[in-house]
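Reading the structure
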Amino acid sequence: MKKLVLFLFPLLFLLSACTAADDVEEEKSLVIGFSQSGTESKWRKRHTDSIKTELEKENQVLYRNGYMSQERQIQDIRTFIAYKVDLIVFTPLQEDGWELILKEAKQAEIPVIVVDRHITVSDQSLYITHIGPSFKAEGNRGGLYVTNYFSDSPKEEINILELAGLTETSPTTLRTEGFQETISRDPRMKVVDTLSGDYVRMKGKEQMEAYIKTKDISKIDVLYSHNDEMTHGALEALEETDIIPGKDLVIVTIDAQEDMIKKLRAGIVNCVVECNPNAGWFVANAINRYFDGKELSHEIYMPETVFSETNLDTIPTRNY
């Protein structure tokens, strides 16, 4: 009997230890609802993969693609609430129209994290934090490149064509504000026209084609584009002209997709402002801190930089 007791004791200890370990593992495993606004670009796909990959390391993730429809995103968030997820992460398509659904999440005691674009709500407690790039700083960086580029130029006027993104979204508004703020230091610089390409390649091409038909593109010194996909479209339209991109027309674009870095190396574009899509670690870290009871800043900005002919040799592989 004594030998039996000695045998059973370590066995029971091991079983209880395993059970305790399993309990800890179960406590760590959260159910996260993740609503993405769409898949309109390589940047957006990388952004999605980054978040899903990091969250799935320790959590169950319910992922939904909004396909560029706010109504669909709202339906998806309502599904997450019905499912009683532990937390909701969503990337809003536009700024307005989220108050009601976020109130529903708050009433259900489900915390919400907003990623990438900002939202406009009367009650800031409807979400625990916003994680994303500083869109205004991106505009500042684009403007700084242009002012430096023409600092020694004898030109009396520098005409800029802006190819803006989706209207009523924070990236579009803030990238315009940041760019205007910086170029205003040089009185020669003026944004003579603004086109809206909705962050989509085909729309960027269509807008540039229409502009070339109705205006004199040769009078434009700078193209400031809010994202790489629209820039690709604009470059396709410019192929039908005598304009040499990167020489006759200075091109500044935002995102830093791998295919645009190749155009930078080829001298087709002059400056690529990075918009960091790798939000996954920042989102996962914020979730862990929140459930550990630690205080979160209501605004978390991600690090970004600028690429031009001055640092071609140090540009890391983009992977998107």
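Residues numbered from 1 in each chain as written. Predicted model: local features only at pLDDT ≥ 70, side-chain atom pairs only at ≥ 80, totals over all residues. Heavy atoms only, no water.

Here we take up empty space enclosed by the protein. Applying the stated criterion across every chain, the model contains one cavity of 30 Å³ or more. Only helix 2 (42-55) and helix 6 (170-183) provide two or more residues apiece to the lining of the largest cavity. Class assignment of the residues belonging to the lining of the largest cavity gives a composition of five nonpolar, three polar and six charged. Lining the lining of the largest cavity are residues from two domains, each supplying at least three of them: domain 1 (31-132 + 277-303) and domain 2 (135-274). (1 Å grid on protein atoms, 1.4 Å probe; cavity = no way out; pocket = protein on both sides within 12 Å on 5 of 7 lines; lining within 4 Å. Points joined across faces, edges and corners; volume = space filled by probe spheres on them. Helix = DSSP H or I, 4+ residues; strand = E, 2+ residues; numbered from the N terminus. Nonpolar A, V, L, I, M, F, W, Y, C, P; charged D, E, K, R; others polar. Domains from an automatic or database assignment.)

Let us look at the packing of aromatic side chains. In total, this model carries seven aromatic pairs according to the counting rule given. A centroid spacing of 5.4 Å and a plane angle of 50° characterise the contact between F34 and Y63, whose relative ring orientation is tilted. Highlighted residues: F34 in strand 1 (residues 31-36) and Y63 in strand 2 (residues 60-65), separated in sequence by 29 residues. Taking the centre distance of 4.9 Å and the plane angle of 65° together, the rings of Y149 and F150 count as edge-to-face. (Phe/Tyr/Trp six-rings, centres within 6.5 Å; stacked < 30°, edge-to-face > 60°.)

Interfaces are frequently sized by the accessible area removed from exposure as the parts join. As assigned here, the protein chain comprises domain 1 (31-132 + 277-303) and domain 2 (135-274). Computed from C-alpha coordinates alone, the two centres of domain 1 and domain 2 are separated by 30 Å. Of the roughly 1100 Å² buried at the junction of domain 1 and domain 2 (both faces included), carbon and sulfur atoms supply 56%. By the criterion of area lost to domain 2, the three top residues of domain 1 are K42, E95 and R117, representing 38% of everything that side buries. Here domain 1 is connected to domain 2 by one salt bridge. (Buried area = accessible area lost by both parts, 1.4 Å probe. Salt bridge = Lys/Arg side-chain N within 4 Å of Asp/Glu carboxyl O.)

By the element assignment, L163 lies in strand 6 (residues 158-164). When the C-alpha atoms of L163 and S69 are compared, they prove to be 22 Å apart, with 94 residues separating the residues in sequence. With sequence-adjacent residues up to four places away left out, L163 is seen in contact with L195, G197, G204, Q207, L223, Y224, S225, H226, M230 and A234. (Contact = heavy atoms within 4.5 Å.)

Core analysis: the biggest nonpolar cluster contains 47 residues, and I160, L161, I217, L223 and V272 have the highest contact counts within it. It is helix 8 (residues 228-238) that contributes the most residues to this core, five residues altogether. When residues no more than four places from it in sequence are discounted, the contact partners of I160 are F179, I183, M189, K190, V191, V192, D193, V222 and Y224. (Core = buried A, V, L, I, M, F, W, Y, C linked by side-chain atoms within 4.5 Å. Buried < 20%, exposed > 50% of the residue type's maximum accessible area, 1.4 Å probe, protein only.)

Let us look at the pairing of strand 5 (residues 129-132). Residues T129 and I131 line one face of strand 5 and the alternating positions H130 and G132 line the opposite face, and both faces are buried. Summarising the sheet, strand 4 (residues 112-115) and strand 5 pair through three bridges and their orientation is parallel. By the bridge assignment, I113 is partnered in strand 5 with T129. The pairing of strand 5 with strand 11 (residues 299-301) spans three bridges and is classified as parallel. (Pairing = 2+ DSSP bridges.)

Time to look at the sheet that holds strand 1. Spatially, 2-1-3-4-5-11 is the arrangement adopted by the six strands of the open sheet, whose pairing is parallel. Across the chains shown, the open sheet's two edge strands, defined by having one partner strand only, are strand 2 and strand 11. Strand-to-strand twist across the sheet, computed as the mean angle between neighbouring axes with direction ignored, equals 20°. Sheet strands touched by helix 2: strand 1, strand 2 and strand 4. Its angle to strand 1, the strand with the most contacts, is close to 180°. (Axes fitted to C-alpha atoms, helices over the stretch in contact; angles between N-to-C directions.)

This part covers the side chain of D186. Structurally, the position occupied by D186 is in the loop between helix 6 and strand 7 (189-196). Engagement of the side chain of D186 in a polar contact is seen with the side chain of R188, the distance being 2.8 Å. (Polar contact = N/O pair within 3.5 Å; in protein donor to acceptor, adjacent residues only side chain to side chain.)

Taken in spatial order, the six strands make up an open sheet running 7-6-8-9-10-12, and their pairing is mixed. Unpaired on one side and paired on the other, strand 7 and strand 12 (306-308) mark the two borders of the sheet. The sheet shows a mean angle of 20° between the axes of neighbouring strands, direction not considered. Alignment of strand 6 against strand 8 (residues 222-225), held across four bridges, turns out to be parallel.

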